[in-house]
Every structure is written in structure tokens, then in C-alpha cells.
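Coordinate analysis (summary)
Residue-level listing of the chains:
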Amino acid sequence: MKTSGPVTVPALAAMKAAGEPITMLTAYDASFARRLDTAGVDCVLVGDSLGNVIQGRDSTLPVTVEDMVYHTAAVRRGLERALLIADLPFMSYHDRASAMNAAAAVMRAGAQMVKLEGGANLSETVENLVANGVPVCAHLGLTPQHVHRLGGYRVQARDDGPARRLASDARALEKAGATMLVLECVPAPLAREVAKALVIPVVGIGAGVEVDGQVLVLYDMLGISSGRAPKFVHDFMAEAGSIEAALAAYVAAVRERRFPTTDHSWQ
Ligand code: KIV
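Residues numbered from 1 in each chain as written. Predicted model: local features only at pLDDT ≥ 70, side-chain atom pairs only at ≥ 80, totals over all residues. Heavy atoms only, no water.

1. A look at the overall build of the protein
Looking only at helices and strands, one finds twelve helices and eight strands in the protein. The C-alpha atoms of the protein give 17 Å as radius of gyration, which agrees with the globular expectation for 267 residues (18 Å, within 12%). The principal-axis extents of the C-alpha atoms in the protein amount to approximately 45 × 40 × 40 Å. Counting the 267 residues in the protein, one finds 57% classified as buried. Pairs at least 24 apart in sequence give 63% of the contacts found in the protein among residues at least 6 apart. Counting only carbon and sulfur atoms, one obtains 53% of the accessible surface of the protein, whose full area is about 11,300 Å². Charged side chains in the protein number 25 positive and 28 negative. The centres of these two groups are separated by 3 Å. (Helix = DSSP H or I, 4+ residues; strand = E, 2+ residues; numbered from the N terminus. Rg over C-alpha atoms; globule rule 2.2 N^0.38 Å. Buried < 20%, exposed > 50% of the residue type's maximum accessible area, 1.4 Å probe, protein only. Contact = heavy atoms within 4.5 Å. Areas by Shrake-Rupley, 256 points an atom, 1.4 Å probe, with all protein chains shown as cover. Lys, Arg positive; Asp, Glu negative; His and termini not counted. Charge placed at Lys NZ, Arg CZ, Asp CG, Glu CD.)

Structure below.
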């Protein structure tokens, strides 16, 4: 990004308007957060993926608001420039009061935006949060908190019906006041269509290159997550040789739209 000052919500909208890709990575502690900040990552996400990569669990479902507060506060201490987003964990936003309390807790810990998984059914929740000063990033496509309903971690919205539903959910969430949208594991042509239709930035993970930015789980792009890496992951550490060089390579590849390639995407 051209500006060197702190990244703000209006700055993200301006990046989309200017066609400048937004760089995002997850972090869960102050030391990594500092390195991401120095590398020029625009948004740092305290993802509930911490359930997998920090806690060693097989899903994000056991993660609590208290876990999110602890890691958000740690990441906050490592950041000067990047915008800090925190996930609201499973079942912490199923009703108005819970959503307000969970968002208040992570915002008090230093988050500047919250992320939640789901479609048009969350419109009222998004409206309430936004009306109370909480910027919201929505998350559609593969929503890991819904893994049991979805039947596993796999590409979503390949058929026309689910694709139309996703596009309509995206419009509803924007209308409700969402500031940003993460699209995970959806065919690249659908992600491109949604990014074109929305005014707000659409950040992809396994959604092709024709969106407004990219996000990866930090431990995946450093090649230290357990198990087989998903198709959309590139191990930037393998070629870089140091954490700093891997982060710099990721930021440059996203900004120059060299990552992801068609090998990391579904058509
Ligand atoms: O929890 C997380 O890390 C996420 C990203 C995969 C987008 O939601």
C-alpha cells in the first residue's frame, strides 16, 4: 500500500477503489505480529484457526471468546501499522446479546474489526454491530465453523444454485453494513463476479486472483502446519530461507497478483 500510516477502514475501501490488492495474514502472538507489520501486511487476522494451529485441535469449534481475547491482546502489542481483525468464535454471535458481548470483548482487547461466518441470516447481527461502532468482515464459502453441516473442508458453491445463493448472501451482507468480505474455497469465476458486484473489498483464500486481496493462515504459508496443505496454500518459506524473506515474498506476490496462480484455484 502507498500510505505508510496506520491502515484504517476507509484506507481499505480506498485500496479497492484504486485496484491495489490488500495483503492479509493470520497471527496469534506479538512476535509474529511485529514481523507481519514490518513486512507491510495490511491486515492481521487473529483467526479462530488458532484452534488448529496453536491448540492442535481438529476444528475451530472449541475456540472460546476468552481464547480470542488472549491472542488478540498479544497481537495488538506487536502491531503499529496493520489493521487488526479478530474472529468471533463458534456460537458467540448466535443472538444479538452474545454478538455484542463477544465483539465488545475482542474490540477491548485491541481488534479494529470482527469477522463472522455466515450469510444473509446474519444481516441483523451485522447491522447491530455496525450501528454500535464495530466494523464487520463477513466470511462466506467454506466456513470452517460449519464444517459438520458442510461435511468436510472442501470447495463450495460449484453448482449454480449454491453459487447464486452465495452471491445473494454477499449482497445482503454488504447492504447490512459489512466492511469487508472473506471468500474461502470457491471457484475463481464466482469470486471474481462477487468482487466486481460489491463495493466493499473481497479478500480471497482459495478464491483465485481476481479479488481485492488475499489471506492465508500464517503457519500454512510458512510450511509448518501439520498434515497435507490445501491446494490454495503456497509454502513461501521453502524458497525464502527466513521468516522475514517469506513474508516479504508473500506481500510482493499478492501486490503484484502473482499469487495465487491457477494451480491454487478452482475454476
Ligand atoms: O480463522 C482463520 O484463520 C480464517 C482465515 C482462514 C480466513 O478465518
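2. Here's the deal with the nonpolar core
L181, L183, V194 and L216 are the most contacted members of the largest nonpolar core, which has 91 residues in total. Ignoring sequence-local partners within four residues, the contact set of L216 consists of M24, L25, T26, I205, M221, F232, V233, F236, Y250 and F259. (Core = buried A, V, L, I, M, F, W, Y, C linked by side-chain atoms within 4.5 Å.)

3. Concerning the site of the ligand
As a matter of local geometry, the ligand sits amid T26, L45, G47, D48, S49, D87, K115, H139, E184, I205 and V217. One nitrogen or oxygen atom from the side chain of D48 is found 3.0 Å from an oxygen atom belonging to the ligand. About the coverage of the ligand: the protein hides 96% of its 260 Å² of free accessible area. Here the residues of the shell around the ligand sort into three nonpolar, four polar and four charged. (Near = heavy atom within 4 Å. Polar contact = N/O pair within 3.5 Å; in protein donor to acceptor, adjacent residues only side chain to side chain. Nonpolar A, V, L, I, M, F, W, Y, C, P; charged D, E, K, R; others polar.)

4. A word on the packing of aromatic side chains
Tallied over the full model, the rule gives five aromatic pairs. For the pair F236 and Y250, a centre-to-centre distance of 5.4 Å together with 90° between the ring planes defines the contact as edge-to-face. Residue F236 is found in helix 11 (residues 236-240), and its partner Y250 is found in helix 12 (residues 243-255); the two are separated by 14 residues along the sequence. A relative accessible area of 0% means that Y250 is categorised as buried. (Phe/Tyr/Trp six-rings, centres within 6.5 Å; stacked < 30°, edge-to-face > 60°.)

5. With respect to the side chain of S49
Mapped onto the elements of the fold, S49 is located in the loop between strand 2 (43-46) and helix 3 (50-53). When sequence neighbours within four positions are dropped, the list of residues in contact with S49 reads T26, Y28, T60 and V217.

6. Focus on the sheet that holds strand 3 (residues 83-87)
What links the strands of a sheet is backbone hydrogen bonding, and the strands pair in either a parallel or an antiparallel sense. A barrel is described by the order of its strands in space; here eight strands give the closed sequence 1-2-3-4-5-6-7-8, paired in parallel fashion. Taking the axes of each pair of neighbouring strands and ignoring which way they run, one obtains an average angle of 25° across the sheet. Here two bridges tie strand 7 (residues 202-205) to strand 8 (residues 213-216), and the two strands are oriented parallel to one another. In the strand pairing of strand 8, V203 is matched with G213. (Pairing = 2+ DSSP bridges. Axes fitted to C-alpha atoms, helices over the stretch in contact; angles between N-to-C directions.)

7. What to know about the packing of helix 4 (residues 65-76) against helix 5 (residues 96-108)
Any two packed helices are characterised by the angle at which their axes cross and by the distance between the axes. Contact geometry of helix 4 with helix 5 gives a least axis separation of 8 Å together with a crossing angle of 20°. With respect to their mutual orientation, helix 4 and helix 5 come out roughly parallel. The two elements helix 4 and helix 5 meet at a crossing, and its hand is right-handed. Contact residues: helix 4 offers V65, M68, V69 and T72, while helix 5 offers A102, A105 and V106. Considering only residue class, the contact of helix 4 with helix 5 consists of six nonpolar, one polar and no charged. (Parallel < 35°, antiparallel > 145°, perpendicular 65-115°, else oblique. Left-handed = near helix turned anticlockwise from the far one by under 90°.)

8. Comments concerning the state of the cysteines
According to the stated counting rule, one finds zero disulfides in the structure shown. Looking at the unpaired C43, the closest cysteine sulfur is the one in C137, lying at 8.3 Å. We classify C43 as buried; its relative accessible area is 0%. No disulfide involves C185; its nearest neighbouring cysteine sulfur is the one of C137, lying 15 Å away. A relative accessible area of 3% means that C185 is categorised as buried. (Disulfide = S-S within 2.5 Å.)

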